[in-house]
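Remarks on the overall topology
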Amino acid sequence: MWVKPQEVLIANALWVVERSNQYFVLQKRKGHGTRGLSSLLVGTMDSVFDTRPPPYRILHQTPSSEVSYLVSVSVTSSEIFADWAWLESTLLPIVPAFDSDDDVMEFVKCKIESLVAQRSVPVEVQRRALKTVFRCVPLRSTAFRCVPLRSVAFCCLLLRSAACRFVPLRSTAFRRISLRSAAFRCVLLCHARCPGPVPSMCCRLLERTFACLKRRLLSDSESDSFKSTTEKFRRLFNAPAEEKLVNHYSCSYWKGVPRQGWMYLSISHLSFYSFILGREVKVRLRWTDIVSLDKSNSLIFPDSIKISTRQKSYFFSMFLRKRETYDLIEQLANIAMRQLMREEGFSEDPELLNKISRNVSRKTPGLKRDLDARAHSEAYRSNFRLPCAEKLDGRADCTLWTPYNKQHVWGTLYISMNFVCFESRVKGLVSLIVPLRDVSLVERADSPGCTQDLSSAICVSMKHRQSFLFAQVADRDFVLERIAEFLARLTTCAAAPSADRVSIQSVSSNSSGYIVVDSDQQGKSQGGAQEPWELQPPLMYQFPSPASPETTGRQLKKEEQWEHLFDEYGRGMTMYRTSATSQLVLKGIPSTLRAELWMLFSGACHEMATHPGYYVQLAQRARSVRCPAADEIERDLHRSLPEHQAFQSPTGINALRRVLTAYALRNPNIGYCQAMNIVASVLLLYCSEEQAFWLMVAICERLLPDYYNTKVVGALVDQGVLEDLISVELPDLYTKLEQLGVVGMISLSWFLTIFLSVMPFESAVNVMDCFLFDGARTNFMVALAVLDANRAALEDCRDDGEAMTCLCRYLEAVTNSDIPVRVGQSVFYTYYKPDTKHLDAELGTDCLTLLDGQNTSIDVSLLIYEAYTNFGKLTNSAIERLRLKHRLKVIQTIEDSTMNSMIRCVEAEQFFTAAELKDLFLYIKEEYLTLQSYGRGALPDPAEKQDPSVHNYQLYKVDYPLFHTLFHKLCNWSAGSMADSIASRAFKLMDTSGDGLLDLRQLAWLLGLMTRSDLPRRLRLFYCLHLPPLLDQHEMDSPISDNTEVASEACEYFEALSDAEPPPISLAEMRELVLGDGHRSRTVSGTSFTSGASGTGEESSQVPMMNQKQFIYMWRALYDMFSEEQTRPEIFHSIAHVGTLLLQIGEVGKRFQKERTASASAVLQGPEARPVDGLTDMSLLSEALSEVTPEPAADEAPSAAGRLPDADWAVSFEQFVASVLTEPPLVAFFEARADVVAAVSQLRNVRLTRQTSLSFSTSPAEVNALA
């Protein structure tokens, strides 16, 4: 294979010369094809340094030069010798004619490069590309009059755009190139060379052509070395094409001794390969099997990464980039854990392919860039409280002019599709969020004679006459171009209609200030009129708390402080957020400003502004569509803040119901979780109904992710994070709490409700002020402060109950000095911190008590101040790193619990042991998750997770390809060409829902019947699989071919023929016969096997008779199972003997039935036709047996297929069983037990390549259609 000439300094190291002449040398790699010491040494060096070059190469060299050039490589000797022959016949006679060696070298290099170019872009491909470009525009069109089509540069541009033949010219991919971009102008001016105005058609054509070129360049952005590494990875680990490699790193794996090799990180696996001195080591771990990650620096394993699974731990060390490797491992493991929890798996960001970047190295693999971009976007969204869909486009260093102190502050400018944000280098000095939807103009701010501080400036003007000045912007033109492009997109999107923009009819304000929504139109569309409902304002105005002059004075003083802050730093989304803002938040936000500032600090105002009418639409829908969580919501409505009068009235209850049901419809993955009602009720007190909904969205989806799903994973993860923080910040107390086991009990209730359920809500709202401003770190700091304040009391506790009582009494006594506390009928204020030790000594108790009829307590502002003072160094980024660490352990613990629950349900059937079911479940889960990561598996239904009637074993479904694999590995019926038809009919028998999927319990039943049940049940299953409706007439008539694919067979066996005769028994009745075994009340997956059965009693349990054609097909299938075994003649003798016996029984039964019919006819005709005296049923049977043909030879199978089937011939299931029992070889075959553990181990170690189209190329919808 010809390659682009590359310089080689040392030509003979590790290479042997095979052939040579004056200008070329053919070499072979040392040790290639041998087994000596040289082969081991060279192989070891190639493995350690990851070289592995092709074993053959050709070098070009001149006599006067010591530098050689690589011109050809090959992995086979025939190809390299063909290239060598071409060089000797074509180039060698020409090169002596040149005057100098330099001319020879240039000529050879140019010739080889032309060969490479011809190979990469064939002439036919160029012609097809050119034809595709001009397909939509005639060559004689006026659009091309200004463009010289014969221009060399323009034709080259068109010829190289071969990738455009894969992209339709009207595709949306061509709309992403801005006509004002510098790159597009370069195409117009340099390549097209248009002398005057460019026609619009020409612009569009050039734009599309450039887009094609851009897509092709991006698709080829991976370096050749990484492509080679990817191919090597797939070859070493037999990975499919869907297994995408992210990156690879050099490291050592400790297996007794360190083994140097390469770690390959892909989307689904962590793999390691080493080859040293002939010894090969392979390690392959699924991300979903990893239970913990840790950095280790012990004496035995210095500076290493420890990766633990359920079975063992692995140590990897000697990394060149340890931090980058560990962060990538942690990120990939976190993606796998989210996949385990039924959330979305990994999918590449398509927008990243079209992104133009100035600071990302193209040497970085594409998936690595994707993951880095995800990590940066997550940190960006978390820092500025932006919506989940916001993606960071880029950042640049610059200064921000702050008018309140007239200074230039250095920091970083962040740009995304909808926002421009700024954060100072000094933490907390100033930050700014500018939504692009409010921007009117972005322009350069250069002026003659400007100082250095104002150079490369950008001025951003807002619609409300506010402007921001960013100076000394790195690469200002590029930044300005990106902002202008995003503004253009926002303008286009604003002009287009949106599904989220709902027109609200008849919206008005009544005398009470409520917003009334007329829902007549919505009700008519649902089939009936509905009563109008009201969008409630904050409930605190309708249900005010008692106030006093002192309370009112404090509130007014706080409002004045905030108004002064607004005057100095601005108000709304574009306010300058400084340390002064955080100081006021710590003191508590006034009640009248809570709605505005909560929406601002949490970022909920962005989503509310960009989705007008969205909540009204959901609330209207919730009134007509019942969500799965409606019953749970109704039960908890009256438990939400019952002490407040607002939720003792229908006004508050109805508003709370609408908010909770609307969110359950918005996010069915969460639906509703207990504790959401408490948070929503407090939000409704201070915010309007719509504001409360968007705050719930921000809390559940961004601020406390995974907290409110069915397994409260986020709260359990933060429980582990709190334990780590206590061990670091309060090490003495941690030992005591660990002994008491209190941490797990406190964190769940504290964090789920943001302390609203454990503190008086008047005090807890101050904690919520800080939480919505600072994020999750507030919860941890307040929890640490509470534990620190009760350190002495907790150390004296004797059990967990006493410790919980102490903490509960402390939290219940936390008060708010700005709000009155009601005790009985009196109102009082307390705002001092008690001396706990003095109280304990005086009153003899470890907890806070009543003193002189009043509560001794601590003010919530003081508690928050101490939390920020003592533990303020804790950051959200540090918490997120700890969450990644504990998420592995928590989710794996939940998965183990789920697995044990499934095993207990399935183990009751007594087919398999718990260990066998565990191995089977783990293998099925691995295959299921692999298909999900490759984008092949069906997405889980969110309604199933919310439905309490859905069992755990119904969450993982098995399709036919996976069952086909297990059937061929576990069941001894899988031999022969007819095995696939048996498997498909068995799958159809167990598929009660008809969706082409089996849950784990159904699968265990089916495999248990085939491999572990007693002999009568196995024979009954085998017998019934060859009866209608499982076996149809078309299948018996079709010829059997050894090359029949599983996909076509599945179509034959699953399709119902319209012209087929109705079967004598329904599929439900057949399922009961096979699976019921006298227990008709038994159910699998909640569906009774007797459902749909028309018969009852003995009639429904009787197995139908088998006619001659069905029997012949069944016996051919049994004989086909042993067609490849020629070493067991006894089994063929048994098959022939039993088959002959059953044929004879069928003939006897036919004659016996005819005689009975003739006797009945004689009785009806008269006494002359009566049977002869003494002729009984037994005498007829003896006479028939004496007249049948003799038994055929033992080595011949019964041949009845050549004759036409007899319609009167039949055998029963009892006769079939009795005949099989006469032959011990057949009994042993049907009683054979499969080794599930060994079979699953083989399936794990050797990845089976599924050859059929149904296995991987058939979509779930197509498989469902087959059923």
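Placed above this text is the structure.
Reading the values: rules and limits
- Residues numbered from 1 in each chain as written.
- Predicted model: local features only at pLDDT ≥ 70, side-chain atom pairs only at ≥ 80, totals over all residues.
- Heavy atoms only, no water.
- Helix = DSSP H or I, 4+ residues; strand = E, 2+ residues; numbered from the N terminus.
- Buried < 20%, exposed > 50% of the residue type's maximum accessible area, 1.4 Å probe, protein only.
- Contact = heavy atoms within 4.5 Å.
- Axes fitted to C-alpha atoms, helices over the stretch in contact; angles between N-to-C directions.
- Parallel < 35°, antiparallel > 145°, perpendicular 65-115°, else oblique.
- Nonpolar A, V, L, I, M, F, W, Y, C, P; charged D, E, K, R; others polar.
- Expected span 1.5 Å × (residues − 1).
- Polar contact = N/O pair within 3.5 Å; in protein donor to acceptor, adjacent residues only side chain to side chain.
- Salt bridge = Lys/Arg side-chain N within 4 Å of Asp/Glu carboxyl O.
- Core = buried A, V, L, I, M, F, W, Y, C linked by side-chain atoms within 4.5 Å.
- Left-handed = near helix turned anticlockwise from the far one by under 90°.
- Patch = residues over 30% accessible without salt bridge, like charges linked within 9 Å, V, L, I, M, F, W, Y side chains within 5 Å.
- Areas by Shrake-Rupley, 256 points an atom, 1.4 Å probe, with all protein chains shown as cover.
- Lys, Arg positive; Asp, Glu negative; His and termini not counted.
- Charge placed at Lys NZ, Arg CZ, Asp CG, Glu CD.
- Arc of directions from axis to C-beta.
- Pairing = 2+ DSSP bridges.
- Phe/Tyr/Trp six-rings, centres within 6.5 Å; stacked < 30°, edge-to-face > 60°.

This next bit is on the overall build of the protein chain. The helix and strand tally for the protein chain stands at 51 helices and 32 strands. For the protein chain, the proportion of its 1267 residues judged to be buried stands at 50%. For the protein chain, contacts bridging at least 24 residues in sequence account for 68% of all contacts bridging at least 6.

Take the packing of helix H19 (residues 614-624) against helix H21 (residues 650-666) next. The contact between H19 and H21 brings their axes to 9 Å, and the two run at 95 degrees. As judged from the angle between their axes, H19 and H21 are roughly perpendicular. Seen from H19, the contacting residues are Tyr614, Tyr615, Leu618, Ala619, Arg621 and Ala622; seen from H21, they are Arg658, Val659, Thr661, Ala662, Leu665 and Arg666. Partitioning the contact of H19 with H21 into residue classes produces eight nonpolar, one polar and three charged.

Compared with an ideal rise of 1.5 Å per residue, which puts twelve residues at 16 Å, helix H38 (residues 1000-1011) spans 16 Å between its outermost C-alpha atoms and is within 8% of the ideal. With twelve of twelve residues buried, H38 lies mostly within the body of the structure. Buried within H38 are the following residues: Leu1000, Arg1001, Gln1002, Leu1003, Ala1004, Trp1005, Leu1006, Leu1007, Gly1008, Leu1009, Met1010 and Thr1011. Backbone nitrogen of Arg1001 and a side-chain oxygen of the N-cap are separated by 3.1 Å at the start of H38; the cap is Asp999.

Applying the stated criterion to the full structure yields 31 salt bridges. Measuring nitrogen to oxygen at the nearest pair gives 3.5 Å for the salt bridge that ties Lys885 to Asp724. You can see Lys885 sitting in helix H33 (residues 876-907) and its partner Asp724 sitting in helix H24 (residues 713-729), a full 161 residues away along the chain. Glu802 is the partner of Arg798 in a salt bridge, and the nearest nitrogen-oxygen pair spans 3.6 Å. Residue class for Glu802 comes out partly exposed when judged on its relative accessible area of 21%.

With that out of the way, let us pick up the nonpolar core. Phe470, Trp562, Met676, Phe693, Tyr708, Trp750 and Leu787 are the most contacted members of the largest nonpolar core, which has 163 residues in total. Per-element tally for this core: the top contributor is helix H23 (residues 689-703), with ten residues. In this view, Phe693 contacts Tyr614, Tyr615, Leu618, Val659, Ala662, Tyr663 and Arg666; residues no more than four positions away in its chain are not counted. Counting 126 residues, the second largest nonpolar core, distinct from the first, contains Val717, Ile894, Phe967 and Met1106.

We now examine the packing of helix H15 (residues 549-569) against helix H16 (residues 579-587). Axis separation between H15 and H16 bottoms out at 11 Å; the angle between their running directions is 165 degrees. Between H15 and H16, the crossing angle belongs to the class labelled roughly antiparallel. Once H15 is placed against H16, the crossing between them reads as left-handed. Facing Lys558, Gln561, Trp562, Leu565 and Tyr569 of H15, the residues of H16 in contact are Ala580, Thr581, Leu584, Val585 and Lys587.

Once that is clear, we can look at the environment of Thr661. Its location among the elements puts Thr661 in helix H21. For the pair formed by Thr661 and Glu634, sequence separation is 27 residues and the distance between their alpha carbons is 9.8 Å. Leave out the neighbours within four places in its chain, and Thr661 touches Ala622, Cys627 and Ile633.

A few words on a negative patch on the surface. A cluster of acidic residues, Asp99, Asp102, Asp103, Glu106 and Glu113, forms a negative patch on the protein surface. Here Asp99 shows up in the loop between helix H2 (77-91) and helix H3 (101-120). For Asp99, a relative accessible area of 78% corresponds to the exposed category.

Within the secondary structure, Ser304 sits in strand E11 (residues 304-309). Classification of Ser304 as buried rests on a relative accessible area of 0%. If near-sequence neighbours (up to four positions away) are discounted, Ser304 is found in contact with Asp294, Lys295, Ser296, Phe315, Phe316, Ser317 and Lys322.

Right, let's get into helix H20 (residues 630-637). Of the residues making up H20, those classed as buried are Ala630, Ile633, Asp636 and Leu637. Buried positions in H20, seen along its axis, are confined to an arc of 135 degrees and lie on one side of it. Looking at the buried side of H20, the elements it contacts are H21 and helix H22 (676-686).

Attention shifts here to the pairing of strand E15 (residues 419-424). In terms of burial, E15 is a largely internal element, six of the six residues being buried. Of the two faces of E15, the one lined by Phe419, Cys421 and Glu423 and the one lined by Val420, Phe422 and Ser424 are each fully buried. Pairing of strand E14 (residues 407-416) with E15, which is carried by five bridges, proceeds in the antiparallel orientation. In the strand pairing of E15, Leu413 is matched with Phe422.

With that settled, consider unusual backbone geometry. With omega at 10 degrees, the peptide bond leading from Pro1028 into Pro1029 counts as cis. Note that Pro1029 resides in the loop between helix H39 (1015-1024) and helix H40 (1033-1037). Even without being a glycine, Arg465 presents a positive backbone phi close to 65 degrees. Position of Arg465 among the secondary structure elements: in the loop between strand E18 (458-462) and strand E19 (467-471). Not every positive phi belongs to a glycine, and Ile754 is a case in point at roughly 55 degrees.

This brings us to the sheet that holds strand E7 (residues 257-266). An order of E9-E8-E7-E6-E12-E11-E10 is seen for the seven strands of this open sheet, with the pairing classed as antiparallel. The sheet is open, and its two borders are formed by strand E9 (279-286) and strand E10 (290-296), each paired with just one other strand. Within this sheet the neighbouring strands show an average axis-to-axis angle of 30 degrees, counted without direction. Across five bridges, the pairing between E11 and strand E12 (residues 313-317) is antiparallel.

Another aspect to go through is the sheet that holds strand E17 (residues 439-444). Spatial ordering of the open sheet is given by E16-E15-E14-E13-E19-E18-E17, a layout of seven strands whose pairing is antiparallel. Two strands bound the open sheet, and with one partner strand each, they are strand E16 (431-435) and E17. Averaged over all neighbouring strand pairs, the angle between strand axes comes to 30 degrees, with direction disregarded. Examined bridge by bridge, E17 and E18 share five bridges and lie antiparallel to one another. In the strand pairing of E18, Leu441 is matched with Ser461. Relative to the sheet, helix H11 (residues 366-384) contacts strand E13 (392-402), E14, E15 and E16, its axis offset from that of E15 by approximately 80 degrees.

So, on to the packing of aromatic side chains. Applying the stated rule across the entire model yields 42 aromatic pairs. Seen in terms of ring centroids, Phe233 and Phe237 are 5.7 Å apart; in terms of plane orientation they differ by 45 degrees. Their pairing is tilted. Of the two residues, Phe233 and Phe237 both sit in helix H8 (residues 224-237), four residues apart, roughly one turn of that helix. Residues Phe233 and Phe237 agree in their burial class; the two are buried. An aromatic cluster of at least three residues, connected via ring pairs, comprises Tyr1023, Phe1111, Trp1115, Trp1209, Phe1213 and Phe1216.

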